[in-house]
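# Residue-level structural notes
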Amino acid sequence: MKFYLNPVEAAYKELQTSETGLTSDEAAQRLQRDGKNKLAEAKKESLVHMFFRQLADPMIIILIVAAVISAVIAVTQNEPFTDVIIIGVVVLLNAILGVYQENKAEKAIEALQQMTASTSKVLRDGVLRIVKSEDIAVGDIIILEAGDSVPADARIIECASLKSEESALTGESVPVTKTVRAIEGDKDGNVPLGDRRNMVYMGSTVVYGRGKAVVTATGMNTEMGKIAGALAQAEDGKTPLQIRLSELSKILTYLVIGISVVIFGVGIVRQLTTTGTFVFADAINIFMVAVSLAVAAIPEGLATVVTIVLSIGVTKMSKRNAVIRRLTAVETLGCTQIICSDKTGTLTQNKMTVVREYTDDSMLMAEAMALCSDSVLGESGEAEGEPTENALVNYAKKLGVIKHEYEKREPRVAEAPFDSVRKMMSTIHNKNGSYIQYTKGASDELIKKCTRILKNGTVRPITDNDKDEILSENKSMADSALRVLACAYKDHDGLPADTSPEKIENDLIFIGLYGMIDPVRPEVKASIEECREAGIRPIMITGDHIRTAVAIAKELTIIKDESEAITGAQLDKIPDEEFSEEVTKYSVYARVQPEHKVRIVNAWRARGMITAMTGDGVNDAPSIKSADIGVGMGITGTDVTKNVADMVLADDNFATIVSAVEEGRRIYDNIKKAIQFLLSSNLSEVVSVFTATMLGFTLLKPVHLLWINLITDCFPALALGMEQPEADIMKRSPRDPKAGIFSGGVGFDCIYQGLMVTILTLIAYFVGHMMENNWVFEIVTSKDGMTMAFLTMSMAEIFHSFNMRTVRKSIFKLKGYNKYLIGAMILSLILTTAVIYIPGVNTAFEFSSISIVEYAVALGLALLVIPIVEIVKIIQRTVYKKKHK
């Protein structure tokens, strides 16, 4: 049954209950049948399972296999376990970081449970009892008062000025005035959630008045329960970076297998053709060479570098009030093309504020509005109570009318409380022995009660022209999406014996009108303009009325015309296939429900757009989880939203999103630079060792390659992650999420830069061998040659990291410097020099203490990478300019 369409008696009959509620036995039977009034708990993934899932990454699997092979070789050859230990540390660190970052998904349902009331007042066996909220059953009669959390969905059966705060569910910024009467639906009997004024819902709060309601749904059958179900059904997808790295892992897997098989096969064939016999020891040595190439092919530090660079970015963003809950979300935000934002509390302040007045006496108006309200000024200096009345009291304070001070002078002695039928409220005050009445309410109703008007400092009879002027001003305010309240007063000779509305609300003197709105955050308009410059389209999604939504959207320049706005009811009439085509027409969605928000987000994603969703209420949670990146509000946001969000704004400031976008783009740029640097470095290692193996000598050993990959590669790669953003980073269009890691010429750069370092390394090897052997050229294994090759390759990659500060621009034109990169260069140079010259260490690495001349030659060869890359960049810039003339 749609209880909101039917009278109370029909609800009693359907639920098999009465106005006195259930008996204890009936409640127990229904709890047995329907279950507890609580939300279902999500299944939790164990930490052990999370840990092993981290190890399932193809790149990590390759490293583990390499470690096992290295361990077998170490045992059979009686060699140290250096390679095994280094690889093991890398794998373990990566897995631990992954587990630490991902343990959050199950918190969403728990947060929903925490939002529900712990105890509630119900009628059981005809008497009032306080019971645990989870023990409430369908058919129970619940008692509601101001400040109560609503424990379940229920049909109102009795109310006195009852108002419920439902913005977390519906997006309504103003509390909803409730009624007992049945509601008339559309032709299909449907009524939007926000318009079901005879219903209250789990998770909402009573902010004014009192009432009774019969419970119609509990637990997962409530509207909040449906949201919890939607959360459970929404699936997490991979971010663009995860997809790109998965592709890279596959490429490296094939490369490693291919290289290892070729080298091992060539080695065995060479052994057989040379000796005519198969020697197991020699086969192990050949296998070691294959492992060397496998190690060289894998950028061991890549996974760790990416994770750490993201972590550093996350720390930086947290200092700017953007708290990241998942590392890769930073990169996703950087390529966001659509931001779907909830209006209430995100674009606006979620604080009703008087922004316009129409009156001849501002002070009298402020005094009347403040005293004819139940809100009070709290210790913080801000009004506490019903939001609309809070706005009146705060505005009065702004004009110097401090409510509690005026109440001492004019104590309230009688009142006629507000009700939704007459749409007004009156209070009578003792003012120095005489009595004055203040009345506030809907302007169209209050003006009917006015016979006089305060104009130009005098009171005179109200005319039709006065009324027309008042109604015209009222329409003007309403057209600006303002909520309008009128105010009047009346003097009494003494305290009326009968203070009923019928007796006192007549012959009033009109004072004026107030126009109120939930104002936009002052910084949001500039932030939206920045989004547009960055190629990002802002979309407003709200549960508020379309007139209010359009007015706010126009003020923020989200839309220019009302045709760009649509309601949830209109959206329901558009089939999914048609909507996926028409979604680009709309930038404002009003009177929407949770399923609409998910549908909107999914429509944009179906068009291949990276979509972000921001919001603070429970109603935003499913769409936040379904979006590529969900952004929750830290101050006004519910726990549900925070727990499903990828990023939480600690200051609830929409402008923080712009900072996060810039940081996301910077981090992705820097990660891409680090990846290019690492891959070109590893390519140089692969080609160098492969060439040497084919020529029949040992250039570098596995431990040398691991040292280079983890020490002289990782430090500069991390330093590149700290590079400042390039000047035009927020003037570019969002990055194409489908673009591969090697797009934009990165593949070519990796190849030529890798070959460049290869050639310089081989030259260093042969120069070292010749200097060791009186300049006699031979293709044999040489300690001096190996040492010089190690030094040249290590430092060439260090110097090459400076080239990578910018992909196409000259490094000599960059403003500022990267202190981390300079530090990485110095540290790497010291460590590399140390393993060459420190006794015992150089023996373990099988190096010789080369002469100063050899050291200088190797370093000079390494330094050549900078002028070579600068020349290639000039050519690339020239070609690009010719293509884009």
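Residues numbered from 1 in each chain as written. Predicted model: local features only at pLDDT ≥ 70, side-chain atom pairs only at ≥ 80, totals over all residues. Heavy atoms only, no water.

With that settled, the discussion passes to the overall build of the chain. Within the chain, the regular secondary structure consists of 35 helices and 25 strands. Relative to its 885 residues, the chain shows a buried fraction of 55%. The contacts in the chain between residues at least 6 apart in sequence include a share of 73% that link residues at least 24 apart. Accessible surface, the chain as shown: approximately 37400 Å² in total, 58% of it carbon and sulfur. (Helix = DSSP H or I, 4+ residues; strand = E, 2+ residues; numbered from the N terminus. Buried < 20%, exposed > 50% of the residue type's maximum accessible area, 1.4 Å probe, protein only. Contact = heavy atoms within 4.5 Å. Areas by Shrake-Rupley, 256 points an atom, 1.4 Å probe, with all protein chains shown as cover.)

We now examine the packing of helix α31 (residues 783–803) against helix α34 (residues 852–863). Contact geometry of α31 with α34 gives a least axis separation of 8 Å together with a crossing angle of 35 degrees. For the crossing formed where α31 meets α34, the hand is right-handed. Where α31 approaches α34, its residues Asp784, Met788, Leu791, Thr792, Met795, Ala796 and Phe799 are matched on the opposing element by Glu854, Tyr855, Val857, Ala858, Leu859, Leu861, Ala862 and Leu863. For the contact of α31 with α34, a count of residues per class yields twelve nonpolar, one polar and two charged. (Axes fitted to C-alpha atoms, helices over the stretch in contact; angles between N-to-C directions. Left-handed = near helix turned anticlockwise from the far one by under 90°. Nonpolar A, V, L, I, M, F, W, Y, C, P; charged D, E, K, R; others polar.)

Side chains bearing opposite charge may pair, as long as their charged atoms lie close to each other. This structure, assessed with the given rule, holds 35 salt bridges. For the salt bridge of Lys178 with Glu166, the shortest nitrogen-to-oxygen distance reads 2.6 Å. One end of the pair, Lys178, is in the loop between β5 (176–177) and β6 (199–200); the other, Glu166, is in the loop between β4 (153–165) and α7 (167–170), with twelve residues separating them in the sequence. Residue Arg605 pairs with Asp628 through a salt bridge whose shortest N-O separation is 3.2 Å. Of this pair, Arg605 sits in helix α24 (residues 594–606) while Asp628 sits in the loop between α25 (621–626) and β24 (629–633), and the two are 23 residues apart along the sequence. According to the relative accessible area criterion, Arg605 is partly exposed, its value standing at 31%. (Salt bridge = Lys/Arg side-chain N within 4 Å of Asp/Glu carboxyl O.)

For the rest of this paragraph, the subject is the packing of helix α30 (residues 746–772) against α34. How two helices sit against one another is set out by the angle between their axes and by the gap between those axes. Two numbers describe how α30 lies on α34: the axes approach to 10 Å, and their chain directions differ by 165 degrees. In terms of orientation, α30 lies roughly antiparallel with respect to α34. With respect to the hand of their crossing, α30 and α34 are arranged in right-handed fashion. Contact residues: Leu760, Ile763, Ala764, Val767, Gly768, Met771 and Glu772 in α30; Val853, Glu854, Val857 and Leu861 in α34. (Parallel < 35°, antiparallel > 145°, perpendicular 65-115°, else oblique.)

For the rest of this paragraph, the subject is the pairing of strand β2 (residues 127–132). Within a regular strand, the side chains alternate between the two sheet faces. When strand β1 (residues 119–124) meets β2, the two strands line up antiparallel, connected through six bridges. Bridge pairing in β2 links Val122 to Arg129. Linking β1 back to β2 in an antiparallel pair, the connection comprises two residues, with Asp125 at a positive phi of about 60 degrees. (Pairing = 2+ DSSP bridges.)

In this structure, Asn321 is a non-glycine residue whose phi angle is positive, near 75 degrees. The class of Asn321 is partly exposed, set by a relative accessible area of 31%. Non-glycine residue Asn456 carries a positive phi angle of around 55 degrees. Mapped onto the elements of the fold, Asn456 is located in the loop between β16 (450–455) and β17 (458–461).

With that out of the way, let us pick up helix α20 (residues 524–533). Along α20, the residues classified as buried are Val524, Ser527, Ile528 and Cys531. Around the axis of α20, the buried residues are gathered within 100 degrees of arc, so they sit on the same side. On the buried face of α20, the contacting elements are β9 (338–342), α13 (343–347), β20 (537–541) and α27 (654–695). Once α20 ends, the next one or two residues include Gly535, with phi positive near 80 degrees. (Arc of directions from axis to C-beta.)

Scanning the model with the defined rule gives eleven aromatic pairs in all. A centroid spacing of 5.6 Å and a plane angle of 65 degrees characterise the contact between Phe697 and Phe766, whose relative ring orientation is edge-to-face. Here Phe697 is found in the loop between α27 and α28 (702–712), whereas its partner Phe766 is found in helix α30, with 69 residues between them in sequence. You'll find Phe697 and Phe766 in the same group, each marked buried. When the centroid spacing of 5.3 Å and the interplanar angle of 35 degrees are considered together, the rings of Phe748 and Tyr752 count as tilted. Taken together, the residues Phe748 and Tyr752, both in helix α30 and four residues apart, mark about one turn of the helix. Residue classification places Tyr752 among the buried positions, given a relative accessible area of 13%. (Phe/Tyr/Trp six-rings, centres within 6.5 Å; stacked < 30°, edge-to-face > 60°.)

Turning our eyes to something else, we now look at the nonpolar core. Grouped together as the largest cluster of nonpolar side chains are 81 residues, with contacts concentrated most on Phe510, Ile558 and Met647. Here this core gets twelve residues from one element, more than from any other, and that element is α27. (Core = buried A, V, L, I, M, F, W, Y, C linked by side-chain atoms within 4.5 Å.)

On to the environment of Val122, then. With respect to the element layout, Val122 can be found in strand β1. The spatial distance from the C-alpha of Val122 to the C-alpha of Ile143 is 5.8 Å, given a sequence separation of 21 residues. In this structure, Val122 is in contact with Val127, Leu128, Arg129, Val131, Ile136, Ile141 and Ile142, ignoring residues within four places of it in sequence.

We now examine the side chain of Arg30. Tracing the backbone through its elements, the reader meets Arg30 in helix α2 (residues 24–34). For the buried residue Arg30, which engages in no salt bridge, the nearest side chain bearing the opposite charge is Glu26, 5.3 Å off. Ignoring anything within four residues of it in the chain, the contact list for Arg30 reads Leu15, Gln16, Leu22, Gly35, Ala137, Val138 and Gly139. (Lys, Arg positive; Asp, Glu negative; His and termini not counted.)

A contiguous nonpolar patch, built from Val75, Phe81, Ile85 and Val89 and spanning about 390 Å² of accessible area, is present on the exposed surface. Position of Phe81 among the secondary structure elements: in the loop between α4 (58–77) and α5 (82–102). (Patch = residues over 30% accessible without salt bridge, like charges linked within 9 Å, V, L, I, M, F, W, Y side chains within 5 Å.)

The next thing to look at is helix α32 (residues 819–837). When the terminal C-alpha atoms of α32 are compared, their 27 Å separation across 19 residues agrees well with the 27 Å that a helix rising 1.5 Å per residue should span. Residues Leu821, Ala824, Ser828, Thr832, Thr833, Val835 and Ile836 constitute the buried set of α32. Down the axis, α32 shows its buried residues gathered within 160 degrees of arc, on one side only. Opposite the packed face of α32, turned more than 90 degrees from it, sit the exposed residues Lys819 and Ile830. Sitting at the amino-terminal end of α32 is Asn818, which places a side-chain oxygen 3.0 Å from the backbone nitrogen of Tyr820. (Expected span 1.5 Å × (residues − 1). Polar contact = N/O pair within 3.5 Å; in protein donor to acceptor, adjacent residues only side chain to side chain.)

What follows deals with the sheet that holds β24. Spatial ordering of the open sheet is given by β8-β25-β24-β23-β9-β20-β22-β21, a layout of eight strands whose pairing is mixed. The open sheet is flanked by β8 (322–324) and β21 (565–567), the only strands paired with a single partner. On average, each strand axis in the sheet is tilted by 20 degrees relative to the strand beside it, whichever way the strands run. Pairing of β24 with strand β25 (residues 647–649) involves three bridges; the strand directions are parallel. Paired with Gly632 across the strands is Val648, a residue of β25.

It is worth spelling out the confidence of the model for the chain at this point. On average, residues of the chain score 84 in pLDDT, and 89% of them are at 70 or above. Taken together, the stretch residues 104–117 has pLDDT below 50 and engages in 40 contacts with residues farther than four places along the chain or on a different chain. (pLDDT = per-residue confidence, 0-100.)

Here we take up the state of the cysteines. Covalently bonding the sulfur atom of one cysteine to the sulfur atom of another cysteine gives a disulfide. All told, the structure shown has zero disulfides when counted by the stated rule. Cysteine Cys487 shares no disulfide, and the gap to the nearest cysteine sulfur, in Cys372, comes to 6.7 Å. Cys487 sits in the buried class, given a relative accessible area of 0%. (Disulfide = S-S within 2.5 Å.)

Before going further, it helps to spend a moment on the environment of Val520. Secondary-structure assignment places Val520 in the loop between β19 (508–517) and α20. Overall, Val520 belongs to the buried group, its relative accessible area being 14%. Other than its neighbours up to four places away in sequence, Val520 contacts Leu347, Thr348, Gln349, Ile552, Glu555 and Leu556.

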